[in-house]
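# Examining the three-dimensional arrangement
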Amino acid sequence: MVDHRLSEEHEALRDSVQTFARKEVAPVIGDYYEREEFPYPLVRTMGEMGLFGLPVPEEHGGMGGDYFALCLALEELARVDSSVAITLEAGVSLGVMPIYRFGNDEQRATWLPKLARGEILGAFGLTEPGGGSDAGSTRTTAVLDGDQWVINGSKAFITNSGTDLTGLVTVTAVTGQKPNGGKEISTIIVPSGTPGFEVAKKYSKVGWNASDTHALSFDDCRVPAGNLLGERGRGYAQFLATLTEGRVAIAAVGVGLAQGCVDECLRYLDEREAFGRKIGEYQAMQFKVADMELRAHTARLAYYDAASRMLRGEPYKKQAAIAKLASSNAAMDNARDATQIFGGYGFMNETPVGRFYRDAKILEIGEGTSEVQRMLIARELGLPA
Ligand SMILES: Cc1cc2nc3c(=O)[nH]c(=O)nc-3n(C[C@H](O)[C@H](O)[C@H](O)COP(=O)(O)OP(=O)(O)OC[C@H]3O[C@@H](n4cnc5c(N)ncnc54)[C@H](O)[C@@H]3O)c2cc1C
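Residues numbered from 1 in each chain as written. Predicted model: local features only at pLDDT ≥ 70, side-chain atom pairs only at ≥ 80, totals over all residues. Heavy atoms only, no water.

In this model helix H6 (residues 235-269) runs 50 Å from its N-terminal to its C-terminal C-alpha over 35 residues, within 8% of the 51 Å that 1.5 Å per residue would give. Along H6, the sharpest change in direction is near 25° and occurs at Arg 247. For H6, the tally of buried residues reaches 28 of 35 residues, placing the bulk of the element in the interior. (Helix = DSSP H or I, 4+ residues; strand = E, 2+ residues; numbered from the N terminus. Expected span 1.5 Å × (residues − 1). Bend = angle between axes of the 7 residues up to and from the residue. Buried < 20%, exposed > 50% of the residue type's maximum accessible area, 1.4 Å probe, protein only.)

Look at Asn 160: it is not a glycine, yet its phi comes out positive at around 65°. Position of Asn 160 relative to the elements: it lies in the loop between strand S3 (148-159) and strand S4 (166-177). Its identity is not glycine, yet Asp 220 carries a phi of approximately 50°, on the positive side. Following the sequence through the fold, Asp 220 ends up in strand S7 (residues 213-224).

A few words now on the site of the ligand. Surrounding the ligand, one finds 18 residues, the nearest of these being Thr 127, Gly 132, Ser 133, Thr 369 and Glu 371. In this structure, an oxygen atom belonging to the ligand sits 2.7 Å away from a main-chain N or O atom of Gly 132. In this structure, Glu 371 approaches the ligand through a side-chain N or O atom, which is 2.7 Å from an oxygen atom. Every element with two or more residues in the shell around the ligand is listed here: S3 and helix H10 (370-380). (Near = heavy atom within 4 Å. Polar contact = N/O pair within 3.5 Å; in protein donor to acceptor, adjacent residues only side chain to side chain.)

Time to look at helix H5 (residues 105-116). Between its first and last C-alpha atoms H5 spans 15 Å; for 12 residues at 1.5 Å apiece the expected length is 16 Å, and the two agree. Turning to H5, its buried residues are Gln 107, Arg 108, Trp 111, Leu 112, Leu 115 and Ala 116. Seen from one end, H5 has its buried residues packed into an arc of 115°, which puts them on one side. Exposed positions of H5 whose direction lies more than 90 degrees from the buried face are Glu 106 and Ala 109. Of the surrounding secondary structure, the elements contacted by the buried residues of H5 are helix H4 (82-102), strand S1 (121-125), S4 and strand S5 (183-191). Of the residues that open H5, the one with a side-chain oxygen 3.2 Å from the backbone nitrogen of Glu 106 is Asn 104. Phi turns positive one or two residues past the end of H5, at Gly 118, with a value near 70°. (Arc of directions from axis to C-beta. Contact = heavy atoms within 4.5 Å.)

So, about the nonpolar core. Membership of the largest hydrophobic core comes to 88 residues, with the highest contact counts inside it found for Leu 77, Leu 88, Val 248, Tyr 303 and Ile 341. Excluding anything up to four places from it in sequence, Val 248 contacts Cys 71, Tyr 303, Ala 306, Ala 307, Met 310, Tyr 316 and Ala 320. Ala 123, Ile 188, Phe 218 and Cys 221 belong to the second largest nonpolar core, which has 16 residues in total. (Core = buried A, V, L, I, M, F, W, Y, C linked by side-chain atoms within 4.5 Å.)

On to the domain arrangement of the chain. What the domain assignment reports for the chain is domain 1 (8-121), domain 2 (123-233) and domain 3 (237-380). Domain 2 puts 14 residues into the contact, and the matching count from domain 3 is 11 residues. For the pair domain 2 and domain 3, the summed buried area comes to about 940 Å², and 64% of that belongs to carbon and sulfur atoms. Summed over the shared surface of domain 2 and domain 3, the result is zero salt bridges. In this assembly, domain 2 and domain 3 are joined by four residue pairs in polar contact (both at pLDDT 80 or more). By residue class, the composition of the side of domain 2 that touches domain 3 is six nonpolar, seven polar and one charged. (Domains from an automatic or database assignment. Buried area = accessible area lost by both parts, 1.4 Å probe. Salt bridge = Lys/Arg side-chain N within 4 Å of Asp/Glu carboxyl O. Nonpolar A, V, L, I, M, F, W, Y, C, P; charged D, E, K, R; others polar.)

Structure below.
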């Protein structure tokens with residue numbers, strides 16, 4: 001049976017996040033963005049609303065919802081602003097989920113309730129200065145010295161890693177050599193403030209300017225042996241699983257941005273006049289917005305499909321990559337067309353579409369570039385790696 005109607009719970013969640021985004025985020029986010037400032041009051045409210053614990057069971061302090069609920073919340077946030085959306089997306093898919101999925105009882109008890117309530121933020125340090133797409137080329141090392149891991153190396157572009165709320169970063173590191181000579185990669189939890197763990201000054205970015213992104217360095221950074229997440233040597237499999245799941249969430253962010261462009265343009269087409277008529281009366285403008293709605297709608301169906309397969313426990317790697325690719329294409333194309341519809345005002349940072357334009361590009365890069373998504377789809381079609 002094909003049924004894309006939302007359940008009552010999902011509908012109610014979407015409505016409450018939509019109200020929050022429109023009433024509390026929209027009026028203030030432009031100023032945070034211009035100041036390149038992390039919007040602490042908004043993130044705290046998102047924590048109080050339970051958004052960081054949406055797919056986490058209640059016994060761990062979460063809302064007991066599912067991953068699709070997270071996607072719906074992300075779509076509604078990104079419809080208004082992508083910086084707050086990515087703060088939630090990375091906070092949950094990269095911060096909370098690895099601990100929930102791979103952590104032992106003690107790690108879950110220590111970290112999940114605070115993460116799920118948004119009292120602290122978690123980050124995921126996979127990408128290194130030497131390469132992100134080839135994520136298995138990790139150079140950071142962790143050596144077991146008695147009952148401690150000693151970590152050395154660096155990470156690049158890590159979201160949520162340097163806020164006042166950041167409580168931990170899970171990092172991938174080479175912990176040895178596999179019998180076949182390859183790198184043994186493991187994941188280790190590094191609490192913020194651990195000596196030897198330095199958070200560099202935040203990057204100056206093209207977009208997502210009210211979100212937090214830093215380079216990290218580890219210089220003889222010592223954490224307890226018990227901070228190993230899951231089994232030793234399972235790091236590669238863990239981050240592949242984390243990224244596959246995360247692709248569905250980031251696809252929801254792209255769909256939100258694409259739909260936000262439609263929202264803004266519908267308003268403007270009915271307001272702006274040229275040559276004595278509303279610009280919405282010109283077919284050239286109507287066709288643009290029709291194409292924008294087409295892209296947002298089809299990309300939404302792609303992420304709904306990936307999410308429903310995920311929730312049914314079916315393979316969904318190909319669908320997740322398709323959703324991520326379709327939504328980032330939709331976001332880029334819609335941001336370009338929305339800016340065109342707004343004319344000169346579209347090039348001004350004061351309009352949301354100016355922000356959407358700057359925020360769209362990263363969706364083709366973060367959490368797997370568009371080339372990487374195409375590689376994944378080709379592999380799932382049986383083509384050689
Ligand atoms: C704002 C921001 C936030 C981020 N947040 C995080 C985070 O929280 N955690 C984290 O770990 N990372 C994070 N990243 C990193 C992000 O995931 C990487 O930037 C991304 O995976 C690409 O890696 P790269 O930048 O090293 O590019 P590269 O891997 O160097 O790629 C450069 C180009 O080469 C292409 N390419 C590479 N290999 C192939 C191939 N085999 N075939 C064809 N083309 C190829 C790529 O598609 C790309 O176009 C973030 C990045 C940004 C900008």
